[in-house]
2 protein chains.
Amino acid sequence: MKPLSKAKLKLVEATIESLMEEGVDGCSVRKIAEKAQVSTGLINYHFGSIDNLIAAAYSYLAFTFLDSAIEASMKSEGDARQQLSAFIKEIFSGQVLQRRVLRAWVVFWGLIDSSPAIQSAQSDSNSSFTSYLEQLFMQLQELKGKQISPKMAALGLTALIDGLWLEMCLEEGAIKPLQCRKLCEHWVDSI
Amino acid sequence: MKPLSKAKLKLVEATIESLMEEGVDGCSVRKIAEKAQVSTGLINYHFGSIDNLIAAAYSYLAFTFLDSAIEASMKSEGDARQQLSAFIKEIFSGQVLQRRVLRAWVVFWGLIDSSPAIQSAQSDSNSSFTSYLEQLFMQLQELKGKQISPKMAALGLTALIDGLWLEMCLEEGAIKPLQCRKLCEHWVDSI
DNA sequence: AGGTAAATTGAACGAGTGTTCAGTTTATAT
DNA sequence: ATATAAACTGAACACTCGTTCAATTTACCT
């Protein structure tokens, strides 16, 4: 993730806000420029097109969330099992668990066919997520013996996290963060 | 799900095709009308607005997929465990596992804030899905004893299925259908 | 201070959007 | 066959979109 210039960062942050508030409707040079308090021409100047701006916003956001979860996990200083718990706890801590975040993600997914940059960003962030979990599962299985490979365990947990997040964002009240954590902990304990 | 008239069904099917092919870009009266081989005015005539047409398309599609999975499950004639396996097998059978299906779903999710009809359709189909699974988990737990409630087990499996489907659609080759089935079977066996 | 490059503005442009609606065609009932 | 209702057409409309670009402003270097 290379650092963004101040001007670019301003546009990226405005984009994230616009997408989180209005989803697809927020995907508009006029709305983004207004939020950034700049003129619409700057989007093309700095990013070449609105699609590239959105891809940049995606990369920035995805890695921001992942970094904070990994950081929480590493801070726990316990063994792999405790690090997994800390990771899960951070993921379901409330920042991500809002429909506003899903709104932005829906835009990103909608552009995945037409934007190689978004497809790349998705691949990169997803594999970082899964690789980190796989590493923790490997350490876990050194202690416990094997039922499922660390890679599959990581893929399963990633999917479970994504699915639960989707469930929570699509339907408020369907399931609570604590329940999500319990289900994820159950997954980890079942390996 | 009330039956659609022939004319409405034609538009609904054209909508599904348009959204599956082009995602958000296929969300266009002109493109849908062309696929249905009718004039654009018919969308407003029959459905009042394009949003209502899309909501109708969503209901139709969601219940079509769910019905086929439930049907396969019921056909298996085995006990609850076997029915769960048949359900999982049908879900990961290939019909749903295409990016084209995700493309349509991304449009539906994108409209969830602004279309009460889509929010309802999502709630209804999701709770039908989860309720059916919950019922199977209840029968399963009569035989096996309880670790996690049937409702939570169903929610977890629903989330796992959704997450795996998302993974497969977003990134071809990341995970195979057979692996998805294994992970789901692992979930079921871990309850 | 002066010159140049970079950043920025905002209006114009062509393209596309969903909705509206008068006119036409088709279906239905008698 | 006739009358009426329903279904359908397709053009027009007002609006929004992202991109382009000449002009202006700001930043940077000497």
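First, a word on what this report is: a plain description of the structure on this page. (Residues numbered from 1 in each chain as written. Chains lettered and ligands numbered in written order. Predicted model: local features only at pLDDT ≥ 70, side-chain atom pairs only at ≥ 80, totals over all residues. Heavy atoms only, no water.)

A closer look at the pattern of salt bridges
Residue and element names in this part refer to chain A.
Then comes step 1: In the structure shown here, the tally under the stated rule is twelve salt bridges over all chains.
Then comes step 2: A salt bridge links Lys-31 to Glu-22; its shortest N-O distance comes to 3.0 Å.
Then comes step 3: Notably, a salt bridge pairs Asp-189 with Arg-81, separated by 2.9 Å at the nearest N-O pair. Here the residue Asp-189 occupies a position in helix α9 (residues 177-189), and Arg-81 occupies one in helix α5 (residues 80-91), the gap between them amounting to 108 residues.
Then comes step 4: One network of salt bridges, with partners in common, ties together Arg-81, Glu-185 and Asp-189. (Salt bridge = Lys/Arg side-chain N within 4 Å of Asp/Glu carboxyl O. Helix = DSSP H or I, 4+ residues; strand = E, 2+ residues; numbered from the N terminus.)

Focus: the relation of the copies chain B and chain A
One copy of the chain maps onto the other through a rotation about an axis followed by a shift along the same axis.
Then comes step 1: The transform that puts chain B on chain A rotates by 180 degrees and translates by 0.0 Å along the axis, for an RMSD of 0.0 Å. Such a combination of rotation and displacement between the chain copies is what one expects of a two-fold axis.
Then comes step 2: The share of interface residues of chain B whose copies in chain A are also at the interface is 100%, consistent with both copies meeting through the same surface. (Least-squares fit on C-alpha atoms with pLDDT ≥ 70 in both. Contact = heavy atoms within 4.5 Å.)

Let's talk about the side chain of Arg-81 of chain A
All names here are of chain A.
Then comes step 1: Exposure remark for Arg-81: the relative accessible area of 18% places this residue in the buried category.
Then comes step 2: A distance of 2.9 Å separates a polar atom in the side chain of Arg-81 from a polar atom in the side chain of Ser-85.
Then comes step 3: A distance of 2.5 Å separates a polar atom in the side chain of Arg-81 from a polar atom in the side chain of Glu-185.
Then comes step 4: Once residues lying within four places of it in the same chain are set aside, the contact partners of Arg-81 are Leu-140, Glu-185, Val-188 and Asp-189. (Buried < 20%, exposed > 50% of the residue type's maximum accessible area, 1.4 Å probe, protein only. Polar contact = N/O pair within 3.5 Å; in protein donor to acceptor, adjacent residues only side chain to side chain.)

Topic: the protein's contact with DNA strand C
Then comes step 1: Contacts to DNA strand C come from 16 residues, most closely from Ser-39, Tyr-45 and His-46 of chain A together with Val-29 and Arg-30 of chain B.
Then comes step 2: The sugar-phosphate portion of DNA strand C accounts for 52% of its atoms within 4 Å of the protein, the bases making up the rest.
Then comes step 3: Contact between DNA strand C and Arg-30 of chain B: a base oxygen at 2.8 Å from a side-chain N or O atom of the residue.
Then comes step 4: The separation between a phosphate oxygen of DNA strand C and a polar side-chain atom of Asn-44 of chain B is 3.5 Å.
Then comes step 5: By residue number, the principal contributor to the surface near DNA strand C is helix α3 (residues 41-47) of chain A, which donates four residues.
Then comes step 6: Here the residues of the surface near DNA strand C are counted per class, giving seven nonpolar, seven polar and two charged. (Near = heavy atom within 4 Å. Nonpolar A, V, L, I, M, F, W, Y, C, P; charged D, E, K, R; others polar.)

With respect to the interface of chain B and chain A
Then comes step 1: Chain B puts 34 residues into the contact, and the matching count from chain A is 34 residues.
Then comes step 2: Overall, the association of chain B and chain A removes approximately 3,200 Å² of surface from exposure, summing both partners, and the carbon and sulfur fraction of that is 65%.
Then comes step 3: Contact with chain A buries area across many residues of chain B, yet Trp-109, Leu-170 and His-186 of chain B alone supply 17% of it, more than any other trio.
Then comes step 4: At the boundary of chain B and chain A, one finds four salt bridges.
Then comes step 5: A salt bridge links Arg-99 of chain A to Asp-113 of chain B; its shortest N-O distance comes to 3.0 Å.
Then comes step 6: At the boundary of chain B with chain A, the tally comes to 14 residue pairs in polar contact (both at pLDDT 80 or more).
Then comes step 7: Counting only elements with at least two residues in the side of chain B that touches chain A, the list comes to α6 (99-110), α7 (116-144), α8 (150-170) and α9 (177-189) of chain B.
Then comes step 8: Sort the elements by how many residues they give to the side of chain B that touches chain A and α8 of chain B lands first, with twelve residues.
Then comes step 9: Here the residues of the side of chain B that touches chain A are counted per class, giving 16 nonpolar, twelve polar and six charged. (Buried area = accessible area lost by both parts, 1.4 Å probe.)

Considering the protein's contact with DNA strand D
Then comes step 1: Within the structure, DNA strand D sits among 16 residues, and Val-29 and Arg-30 of chain A together with Ser-39, Tyr-45 and His-46 of chain B are positioned closest to it.
Then comes step 2: Backbone atoms, meaning sugar and phosphate, make up 56% of the atoms of DNA strand D lying within 4 Å of the protein.
Then comes step 3: With respect to DNA strand D, the side chain of Arg-30 of chain A contributes an N or O atom lying 2.8 Å from a base nitrogen.
Then comes step 4: Note that a phosphate oxygen of DNA strand D is positioned 2.5 Å from one of the backbone N or O atoms of Ser-39 of chain B.

Notes on the nonpolar core
Then comes step 1: Counting 138 residues, the largest nonpolar core has Phe-92, Trp-105, Trp-109 and Phe-137 of chain A together with Phe-92, Trp-109 and Phe-137 of chain B as the members making the most contacts within it.
Then comes step 2: Non-local contacts of Trp-109 of chain A, meaning those with residues more than four positions away in its chain, are made with Leu-102, Trp-165 and Leu-166 of chain A together with Val-106, Trp-109, Leu-166 and Leu-170 of chain B. (Core = buried A, V, L, I, M, F, W, Y, C linked by side-chain atoms within 4.5 Å.)

Overview of the packing of helix α6 (residues 99-110) of chain A against helix α8 (residues 150-170) of chain A
All names here are of chain A.
Then comes step 1: As a packed pair, α6 and α8 sit with axes 9 Å apart at the nearest point and diverge in direction by 115 degrees. It follows that α6 is roughly perpendicular to α8 by the angle criterion. Every pair of crossing elements has a handedness; the one defined by α6 and α8 is left-handed. Judged by residue contacts, Arg-99, Val-101, Leu-102, Trp-105 and Trp-109 of α6 engage Trp-165, Leu-166, Cys-169 and Leu-170 from α8. (Axes fitted to C-alpha atoms, helices over the stretch in contact; angles between N-to-C directions. Parallel < 35°, antiparallel > 145°, perpendicular 65-115°, else oblique. Left-handed = near helix turned anticlockwise from the far one by under 90°.)

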